[in-house]
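One letter stands for each residue in the lines below.
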Amino acid sequence: TPLWDLFWRLDPSATAAYLGPTARRHLYDPVRGAFNRHDDGKKGHAFLEAGGILCESLAWLHTKTGEAEYRDLALRIARYSFHHRHPKTGLVPNDPDGGRWDPLVCTTEIGLWARSLLRAADLLREPELQRMAEEVLRAYLSAGWDNKSEQFYGQIAIETGYPVRPE
């Protein structure tokens, strides 16, 4: 996540003028919080890391401006990824909108996403974000640890909870 506090100290109005509209351009369906890591307003590339950064950044902007829109967008973006978790395993796909392998697996990117959600939860004093982070981390940590190698698998199939080893 960018160092928004530094930008704010240098120029608060420019920071707010940049961050709000830029975050909105990443959304292709603002009502559902559906986003794209590219700021083109089109469906695709809803990678967890990008969603986490958007959520955390909007939460931060809300604390500076008090505008409810930013808080609401942060929550909707987090919910968008969270609501794509598999009902059986609780694992969240790396990108629910992707056409490659990304919708089928949960990756270590889940840790970055959860960290951003926890930061946003602190900024907004929002327990829902903390709960989301805890639930997905619990699912990943229980399925992702390999006792033999004493490492986490990089990819886990969201449907089965089994490791995926790309060819």
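Located above this text is the structure these notes cover.
Residues numbered from 1 in each chain as written. Predicted model: local features only at pLDDT ≥ 70, side-chain atom pairs only at ≥ 80, totals over all residues. Heavy atoms only, no water.

Draft legend 1. Spotlight on the nonpolar core. Core analysis: the largest hydrophobic core is formed by 45 residues, its most contacted members being F35, I110, L117 and L129. The set of elements that each furnish at least two residues to this core consists of α1 (4-10), α2 (12-25), β1 (27-29), β2 (34-35), α3 (48-65), α4 (68-82), α5 (109-124) and α6 (127-144). I110 has contacts with L48, V92, V136, L137 and Y140, leaving out every residue within four places of it along the chain. (Core = buried A, V, L, I, M, F, W, Y, C linked by side-chain atoms within 4.5 Å. Buried < 20%, exposed > 50% of the residue type's maximum accessible area, 1.4 Å probe, protein only. Helix = DSSP H or I, 4+ residues; strand = E, 2+ residues; numbered from the N terminus. Contact = heavy atoms within 4.5 Å.)

Draft legend 2. Summary view of the packing of aromatic side chains. For the coordinates displayed, the defined rule picks out 7 aromatic pairs. Plain terms: the ring middles of W4 and Y18 are 6.3 Å apart, the flat faces sit at 40° to each other, and that makes the pair tilted. Taken as a pair, W4 in helix α1 and Y18 in helix α2 lie far apart in primary sequence, 14 residues in all. Considering the side-chain rings of F35 and Y80, the 6.0 Å spacing of their centres and the 75° angle between planes classify their relative orientation as edge-to-face. One end of the pair, F35, is in strand β2; the other, Y80, is in helix α4, and 45 residues separate them in sequence. Y80 gets classed as buried once you look at its relative accessible area, which sits at 5%. (Phe/Tyr/Trp six-rings, centres within 6.5 Å; stacked < 30°, edge-to-face > 60°.)

Draft legend 3. Region of the structure containing the side chain of H26. Position of H26 among the secondary structure elements: in the loop between α2 and β1. Within the structure, the side chain of H26 is placed 3.4 Å from the backbone oxygen of H38, a separation counted as a polar contact. Residues in contact with H26, not counting those within four places in the same chain, are A34, F35, N36, R37, H38, D39 and L54. (Polar contact = N/O pair within 3.5 Å; in protein donor to acceptor, adjacent residues only side chain to side chain.)

Draft legend 4. The arrangement of α5 in detail. With 16 residues, α5 should reach 22 Å at 1.5 Å per residue; the first-to-last C-alpha distance of 23 Å fits that figure. For α5, the full list of buried residues reads E109, I110, W113, A114, S116, L117, A120, A121 and L124. One side of α5 holds all its buried residues, which, seen down the axis, span an arc of 160°. Considering only its buried residues, α5 is in contact with α3, α4, β3 (105-107) and α6. Positive phi shows up at R125, right after α5, with a value of about 55°. (Expected span 1.5 Å × (residues − 1). Arc of directions from axis to C-beta.)

Draft legend 5. Representation of α2 in the model. Taking 1.5 Å of rise per residue, the 14 residues of α2 would be expected to cover 20 Å, and the 20 Å separating its terminal C-alpha atoms lies within 8% of that figure. Those residues of α2 that sit buried are T15, A16, L19, G20, T22 and A23.

Draft legend 6. Local environment of unusual backbone geometry. Phi at H45 is positive, roughly 60°, even though this residue is not glycine. Residues other than glycine seldom take positive phi values, yet R125 does so here, at roughly 55°. Inspection of the secondary structure assignment puts R125 in the loop between α5 and α6.

Draft legend 7. Up close: the side chain of N36. With respect to the element layout, N36 can be found in the loop between β2 and α3. Accessibility expressed as a relative area gives 2% for N36, which makes it buried. Within the local environment of N36, its side chain forms a polar contact with the backbone oxygen of K42, the two atoms lying 2.8 Å apart. If near-sequence neighbours (up to four positions away) are discounted, N36 is found in contact with H26, K42, K43, G44 and H45.

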